[in-house]
Amino acid sequence: MTSTQIRNSFLAFFESKKHHIVPSAPMVIKNDPTLMFTNAGMNQFKDIFLANSEAKFPRVTDAQKCLRVSGKHNDLEEVGRDTYHHTMFEMLGNWSFGDYFKKEAIAWAWEYLTKVLKIEKDDLYITVFGGDTADGLDVDSEAYEFWKALVPEDKIIYGSKKDNFWEMGDTGPCGPCSEIHIDMRDQKAKEKIAGRDLVNEDHPEVIEIWNLVFIEFNRLANGDLVPLPAKHVDTGMGFERLVRVLQHKKSNYDTDVFMPLIIEICRLTNYSYGSEKDKDIAVRVIADHLRAVAFAIADGQLPSNNKAGYVIRRILRRAVRYAYTYLNTDEPLVHSLVAVLVKQMGDFYTNLNDQSELIQKVIREEEASFLRTLHSGIQKYEAYLDAHNSQEKIIKGEFAFELYDTFGFPIDLTALMASENGWSIDMQGFEKHLEAQKSRSRQAAAKNLDDWVIVHGQPTDESVFCGYESLIEKNVRILRYRKVVSAKNVHYQLVFDRTPCYAESGGQVGDRATIYSGEQSIAIEDTLKENNLIVHIVPELPKDPAKEITILVDERKRLLTTNNHSATHLMHAALKQVLGDHVEQKGSLVNEEYMRFDFSHFSKMSQEEIRQVEQIVNARIRENIVLDEKRDVAMDEAIAMGATALFGEKYGDHVRVITFNPEFSVELCGGTHVQASGQIGSFRILSEGAIAAGIRRIEACTADKAEAFADEHIDLVHDIKAVFKNQKDILKAVKQMVQQNVQLQKEVDKLNREKALGAKDQLINSAEILNGIKFIGRKIEGDAQAAKDLAFAIKAVVDDFVLVLAYEANEKAGLTIMVSERIAEEKGLNAGKLIREAAREIKGGGGGQAHFASAGGKDASGIEAAILKVKSLIQE
Ligand code: SER
């Protein structure tokens, strides 16, 4: 079976057991402070398990893109070295939401593996949870009994909490699990050691393939386990491992999931896979990491300098570095694999296909820029070795850490380079710096979340957002609150039964508001979303949290933000009109000041294009188009209406559609919008530029901000006109002045050079004889060019000299040194070396050849000292 057939067979099997097939959720997670990437198939169902939202189908099945590179589940360092861990992988899963439980989950897993796929029963081993005293949990004898009915008892092994109690993270849904392992060794090896003894022992051929989790608890922040209202099933099978089993390969990488990529990498680097251990690791790392990065970009996460973007950047850098070190590539390579990946997986994961051009461009740009850093890191490393050569050959921990932190050199790379040069690394020192950095960032990020305190209702009650209609809400009850302690402050989070506050999402910032509780008033500083919950941030709790309160939204902030949000929709539509349909939203921020909009487009917008977009938006504003807001539209219907859905956004089956003229702008959106476009008043683009390869960013503003922007520019032109005594054609006047200036500067430079040359004879006469060398050292009037001209003029008439000319321009200092040829040869004096020493005196640097060198510095007061320095070097 090909990998595609295997994926389809799994989905078809569970469909035949009445499961609904659902698409993979995006791999990049938004709105969950505990998780950056989908690390398990169950993430998208977390809220259903916790009873925060209702399941649409009692049974579902899917193939989910996962990424395990941070947090509780992190496999990054394993990748490449072994043959069965990956950063990005697919997880095949089947779920029951309060429907079937252990019996069916176990029976169906067994049926699928042994009857449908016909895997040899003898090769399979089962693990069952053996209980845990600390958590007060019993042995899972129920699961044991169900397994016993299917397999001989010597195939069933009890496991510890580490292997057989599955938890998503530090908190959240969890439960005992039963894993299915497979022994893929040959007969002889099996006779020597029983497979049973190798289960969970990191043996490359005895590996886990499927995990059946029986979710029944929620782990709270205080460590307690509380039972969930219903029992659920969450299973996850490693797709790449299953393919390996069915294709009878020794490694996941030998299957048709990875081979096309591996073949392409080898073709591009002229390497034959399987011939050298280190190079094989590099090939696997590149194949794996390319998948992770490409899928992340397709899901809307670009490499960047923080959070999820930084994780993606580091994964890509790891691949580039392996290519550079082991496969000797100093040109971007990874991006050229995108086409192969898209061909392989683009049919099932269609957004990969749709975004392939962007993915390639972004990766290429990142690679090129990291290769430059890598190159300068290696130079820095070599300079360090040069400078410390006289001491014992140990690289200090601090320097190894600098390479790691600033240049992205993992420590194993530095260690390898060091050993090639006969050096070693002070690993303890390195670890110390690494630990210090980690604890700095832990401290900065650390947030201590207490468990929720329930004030009214049930722990699972949700709040209703009523802020589309009204900015004030009376008789509101606090459902729950919790205390949050961070490095910065202590604050509280509140959840209400109803709220008029918009929670930050879809790029629109959260509302500010005020709570009135009796005499007391408390500011809501921000409103955020945590999964489906609307969470309000307050500095203190109401004195009596049980009392009903009134909430009043900050009207001005909301109004200005709303203007900007509606204008963003109009601008998005206008950009498509002016630039073409390839324009796709890649990110946005909307607040009361301005809007920021990132979109795919491959070249700089011309002034004319920018003007056209402004004109279209302003015309739409003047038309005063009435908002058409439809809530609860079925997704299919919304798409049929022409609504644009964004990749990487999670949408429910029912969505809200915002239309400003069905022919012009139809978008899926949960944000707040103006009743009619006229309210926006006016629109101006403040700036347009690139933020990554193929991604442009526009900043724009509306209403009085847009007017102020135009006013400023008009005022500026008035002021310039006044300076030019109100000439009619101001542009012509400015151009003329610039031209005149260039001309005048040329003349000034020429005069200065002539003046400097005039000083030639004087300089020659001032020569001192030092050790048989004519030494001339003087400060002159003029610049670098004048010094150069003068030096060459002196060279034409004088022999056996060393000349130092210093000059001052714009409070900066410059030096020029010339050493005549015979002196350079016979006395071994070198202008380049002399100038490096002398430049220190003027706080600068420079260099050049043996005969001629120049330098600049920021301290003109050191000029005398610089000249004396050269003199004393000659005397020495
Ligand atoms: N949640 C379990 C896992 O990730 C099974 O899907 O292993």
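Preceding this paragraph is the structure being described.
Residues numbered from 1 in each chain as written. Predicted model: local features only at pLDDT ≥ 70, side-chain atom pairs only at ≥ 80, totals over all residues. Heavy atoms only, no water.

Visitor: Sorry, what's going on with the environment of G195 here?
Guide: Mapped onto the elements of the fold, G195 is located in the loop between α6 (187-192) and β10 (206-219). Each C-alpha atom of the pair G195 and Y125 lies 8.0 Å from the other, and the pair is 70 residues apart in sequence. What G195 contacts, discounting residues up to four positions off in sequence, is Y125, D183, R185 and V206. (Helix = DSSP H or I, 4+ residues; strand = E, 2+ residues; numbered from the N terminus. Contact = heavy atoms within 4.5 Å.)

Visitor: Would you explain the pattern of salt bridges in this entry?
Guide: Pairing between side chains of opposite charge can happen when their charged atoms approach one another. Enumeration according to the criterion identifies 43 salt bridges in this entry. Salt-bridge contacts for R7 lead to E90; the nearest nitrogen and oxygen are separated by 2.8 Å. Taken together, the residues span a long stretch of sequence, with R7 in helix α1 (residues 3-16) and E90 in strand β5 (residues 88-97) at a distance of 83 residues. E90 matches R7 in its accessibility class, with the two residues each being buried. (Salt bridge = Lys/Arg side-chain N within 4 Å of Asp/Glu carboxyl O. Buried < 20%, exposed > 50% of the residue type's maximum accessible area, 1.4 Å probe, protein only.)

Visitor: Help me understand the site of the ligand, please; the structure alone is not making it clear to me.
Guide: Contacts to the ligand come from A40, M42, R68, M91, W166, N211, V213, D234, T235 and G236. At 3.4 Å from an oxygen atom of the ligand is found a side-chain nitrogen or oxygen belonging to W166. Separating an oxygen atom of the ligand from a side-chain N or O atom of D234 is a distance of 2.7 Å. Here the ligand has 230 Å² of accessible area as a free molecule, and 96% of this is covered by the chains. Listing elements by their share of the shell around the ligand, those giving two or more residues are β10 and β11 (225-238). Examining the composition of the shell around the ligand, we find that 3 residues originate from one element, β11, more than from any other. Across the shell around the ligand, the residue classes break down as 5 nonpolar, 3 polar and 2 charged. (Near = heavy atom within 4 Å. Polar contact = N/O pair within 3.5 Å; in protein donor to acceptor, adjacent residues only side chain to side chain. Areas by Shrake-Rupley, 256 points an atom, 1.4 Å probe, with all protein chains shown as cover. Nonpolar A, V, L, I, M, F, W, Y, C, P; charged D, E, K, R; others polar.)

Visitor: What's the story with the nonpolar core in this structure? I'm lost.
Guide: The nonpolar side chains of a soluble globular protein tend to be buried, and buried together. By size, the foremost hydrophobic cluster in this structure holds 122 residues, and its most contacted members are L113, W147, W210 and I395. The leading source of residues in this core is helix α9 (residues 277-298), at 14 residues. Sequence-distant contacts of W210, defined by excluding residues within four places in its chain, comprise F10, F14, N94, A109, Y112, L113, S178, E179, I180, T235, G236 and M237. In terms of nonpolar packing, the next biggest core, distinct from the first, is built from 30 residues, L575, V613, I680 and F683 among them. (Core = buried A, V, L, I, M, F, W, Y, C linked by side-chain atoms within 4.5 Å.)

Visitor: It is not clear to me how the side chain of T127 should be interpreted in this structure. Could you clarify?
Guide: Mapping T127 onto the fold places it in strand β6 (residues 124-129). Among the polar contacts made by the side chain of T127, one reaches the side chain of N164 at a distance of 2.8 Å. If sequence neighbours within four positions are ignored, T127 has contacts with I157, N164, C177, S178, E179, H181, V199 and N200.

Visitor: Honestly, the pairing of strand β24 (residues 533-538) in this entry has me stumped. Any pointers?
Guide: As a general feature of sheets, a regular strand has side chains that alternate between the two faces. Along β24, 6 of the 6 residues are buried, which leaves the element largely enclosed by surrounding structure. Here strand β19 (residues 490-496) runs beside β24; their pairing, made up of 3 bridges, is antiparallel. Looking at β24, one finds that L494 is bridged to H536. Judged from the 5 bridges that link them, strand β23 (residues 526-530) and β24 form a sheet pairing that is antiparallel. Bridged to D526 within β24 is I537. Where β23 folds back onto β24 in an antiparallel hairpin, the turn is made up of 2 residues, including N531, whose phi is positive at roughly 55 degrees. (Pairing = 2+ DSSP bridges.)

Visitor: Please clarify how the sheet that holds strand β30 (residues 665-668) should be interpreted in this entry.
Guide: Within a sheet, each strand pairs with its neighbour through backbone hydrogen bonds, oriented either parallel or antiparallel. With antiparallel pairing, the 3 strands of this open sheet are ordered in space as β28-β29-β30. Each having just a single partner strand, β28 (628-634) and β30 make up the two edges of the open sheet. With strand direction ignored, the average angle separating the axes of adjacent strands in the sheet is 25 degrees. Here 5 bridges tie β28 to strand β29 (residues 654-660), and the two strands are oriented antiparallel to one another. Each residue of the ladder has a partner; that of V633, found in β29, is V655. Along the sheet, helix α17 (residues 555-579) contacts β29 and β30; its crossing angle with β30, the most-contacted strand, is approximately 120 degrees. (Axes fitted to C-alpha atoms, helices over the stretch in contact; angles between N-to-C directions.)

Visitor: Would you mind showing me how to read the packing of helix α8 (residues 259-269) against helix α11 (residues 338-345) here?
Guide: Axis angle and axis distance: for two packed helices, these are the angle between their axes and the distance between the axes, and together they describe the pair. Where α8 contacts α11, the two axes come as close as 9 Å, and the packing angle between them is 160 degrees. Relative to α11, α8 is oriented roughly antiparallel. Viewed along their axes, α8 and α11 form a crossing whose handedness is right-handed. Along its contact with α8, which presents P260, L261 and E264, the element α11 presents V340, L341 and Q344. Here the contact of α8 with α11 is built from residues that sort into 4 nonpolar, 1 polar and 1 charged. (Parallel < 35°, antiparallel > 145°, perpendicular 65-115°, else oblique. Left-handed = near helix turned anticlockwise from the far one by under 90°.)

Visitor: What exactly am I supposed to notice about the pairing of strand β37 (residues 844-848) here?
Guide: Bridge analysis of β37 against strand β38 (residues 852-857) gives 5 bridges, and the strand direction is antiparallel. In the sheet register, G848 faces β38, and the bridge partner there is A853. Joining the antiparallel neighbours β37 and β38 is a turn of 3 residues.

Visitor: I'm lost on the sheet that holds strand β21 (residues 513-517) in this one. Help?
Guide: Overall, antiparallel pairing links the 4 strands, which are arranged β17-β25-β21-β22 in an open sheet. Edge positions in the sheet fall to β17 (472-476) and β22 (520-524), since each of these pairs with one other strand and no more. Averaged over all adjacent pairs, the angle separating strand axes in this sheet is 20 degrees, with direction ignored. Pairing of β21 with strand β25 (residues 549-553) involves 4 bridges; the strand directions are antiparallel. Bridge pairing in β25 places A513 opposite V553.

Visitor: Could you clarify how one ought to interpret the packing of aromatic side chains in this entry?
Guide: Pairs of aromatic rings are described using the distance from one ring centre to the other and the angle between the two planes. Counted under the stated rule, the structure contains 28 aromatic pairs. Ring geometry for F45 versus W95: centroids 4.9 Å apart, planes at 55 degrees, classification tilted. With F45 in the loop between β1 (20-21) and α2 (46-49) and W95 in strand β5, the pair connects residues that are 50 residues apart, well separated along the chain. Owing to a relative accessible area of 0%, W95 belongs among the buried residues under this scheme. Arranged with centres 5.4 Å apart and planes meeting at 90 degrees, the rings of F295 and Y349 form a pair that is edge-to-face. With a gap of 54 residues between them, F295 in helix α9 and Y349 in the loop between α11 and α12 (350-354) connect regions that are remote in the sequence. The residues F295 and Y349 share a single accessibility class, namely buried. Feature note: the residues F10, F13, F14, Y112 and W210 constitute an aromatic cluster, connected by ring pairs. Taking the ring centre of F348 as reference, the NZ or CZ of R7 above it sits at 4.5 Å. (Phe/Tyr/Trp six-rings, centres within 6.5 Å; stacked < 30°, edge-to-face > 60°. Lys NZ or Arg CZ within 6 Å of the ring centre and 35° of its normal.)

Just geometry here; none of it tells us what the structure is for.
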